[in-house]
Amino acid sequence: NLRPEDKLEKVSALAHQEGLIMVGDGINDAPALARATVGIAMGKVGSATAVEASDVVFLNDDLSLLGWLTRKAKSTHSIVKQNITLALVVILFATTPTLLGFIPLWVAVLLHEGGTVLVGLNSLRLLK
């Protein structure tokens, strides 16, 4: 029961203190959805403006998926960190010694491509 300006003010205050997820469906929610740390719009009943302003769209308008979404976001963040670490380790232990002449180029290429395959396989864990 708030006007768009009031929603935006409340969301701005809360988002300034810590991360904030806002769920909305109407054109009046669009400014607050855009300002929230993560804006979630309802796809079926939501206005085009709310869908455009949001970061995530629930296509079937099922709010019970909110818990699943936050768990999936955390696991995605964790896997991205793992993949970046793995890629940096491969670069550090394959590329640098090759440039210094300690290992042959073909070994470095195999290590690098093997690391790329491992990163891809690690990312596939997100499908479950």
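Right above here is the structure, for reference.
About the cut-offs
- Residues numbered from 1 in each chain as written.
- Predicted model: local features only at pLDDT ≥ 70, side-chain atom pairs only at ≥ 80, totals over all residues.
- Heavy atoms only, no water.
- Helix = DSSP H or I, 4+ residues; strand = E, 2+ residues; numbered from the N terminus.
- Buried < 20%, exposed > 50% of the residue type's maximum accessible area, 1.4 Å probe, protein only.
- Polar contact = N/O pair within 3.5 Å; in protein donor to acceptor, adjacent residues only side chain to side chain.
- Contact = heavy atoms within 4.5 Å.
- Expected span 1.5 Å × (residues − 1).
- Arc of directions from axis to C-beta.
- Salt bridge = Lys/Arg side-chain N within 4 Å of Asp/Glu carboxyl O.
- Right-handed = clockwise from strand over helix to strand, strands pointing away.
- Pairing = 2+ DSSP bridges.
- Bend = angle between axes of the 7 residues up to and from the residue.

(A) Looking closely at the side chain of Lys7. Tracing the backbone shows Lys7 in helix α1 (residues 4–17). Of the residues examined, Lys7 reaches a relative accessible area of 19% and is grouped as buried. At 2.5 Å, the side chain of Lys7 and the side chain of Asp29 are in polar contact. Excluding residues within four positions of it along the chain, Lys7 makes contact with Leu2, Asn28, Asp29 and Ala32.

(B) Representation of α1 in the model. Between its first and last C-alpha, α1 extends 20 Å over 14 residues, near the 20 Å set by a 1.5 Å rise per residue. Turning to α1, its buried residues are Lys7, Val11 and Ala15. Down the axis, α1 shows its buried residues gathered within 55 degrees of arc, on one side only. Away from the buried face of α1 by more than 90 degrees, exposed residues Glu9, Lys10, His16 and Gln17 are located. On its buried side, α1 packs onto β1 (21–24) and α2 (30–35).

(C) Structural detail: the pattern of salt bridges. Going through the model one piece at a time under the given rule, you end up with three salt bridges. A salt bridge links Asp6 to Arg3; the shortest N-O distance between them is 3.7 Å. Among the residues examined, Asp6 registers a relative accessible area of 26% and is labelled partly exposed. The class of Arg3 is exposed, set by a relative accessible area of 51%. Two residues, Lys7 and Asp29, come together in a salt bridge whose shortest N-O distance is 2.5 Å.

(D) Local environment of the pairing of strand β2 (residues 38–42). With four of five residues buried, β2 is to be regarded as a mostly interior element. The parallel pair β1 and β2, bridged by α2, forms a crossover whose chirality is right-handed. As defined by bridge partners, β2 adjoins strand β3 (residues 56–58) across three bridges and the pair is classed as parallel. Residue Ala41 lies in a different strand from β3, and its bridge partner there is Val57. In the classification by handedness, the crossover that spans β2, the intervening helix α3 (residues 48–53) and the parallel β3 is right-handed.

(E) Summary view of unusual backbone geometry. Even without being glycine, Asp61 reaches a positive phi, approximately 55 degrees. For Asp61, the location among the structural elements is in the loop between β3 and α4 (66–99). A relative accessible area of 21% places Asp61 in the partly exposed class.

(F) Just α4, in detail. Spanning 34 residues, α4 covers 48 Å between terminal C-alpha atoms, matching the ideal 50 Å at 1.5 Å per step. Maximal helix bending in α4 amounts to about 25 degrees, located at Ile91. Along α4, the residues that are buried comprise Leu69, Lys72, Ile79, Asn83, Val90, Ala94, Pro97 and Thr98. Contacts made by the buried residues of α4 are with β2, β3 and α5 (105–123). Count one or two residues on from α4 and you reach Gly101, which has phi positive near 85 degrees.

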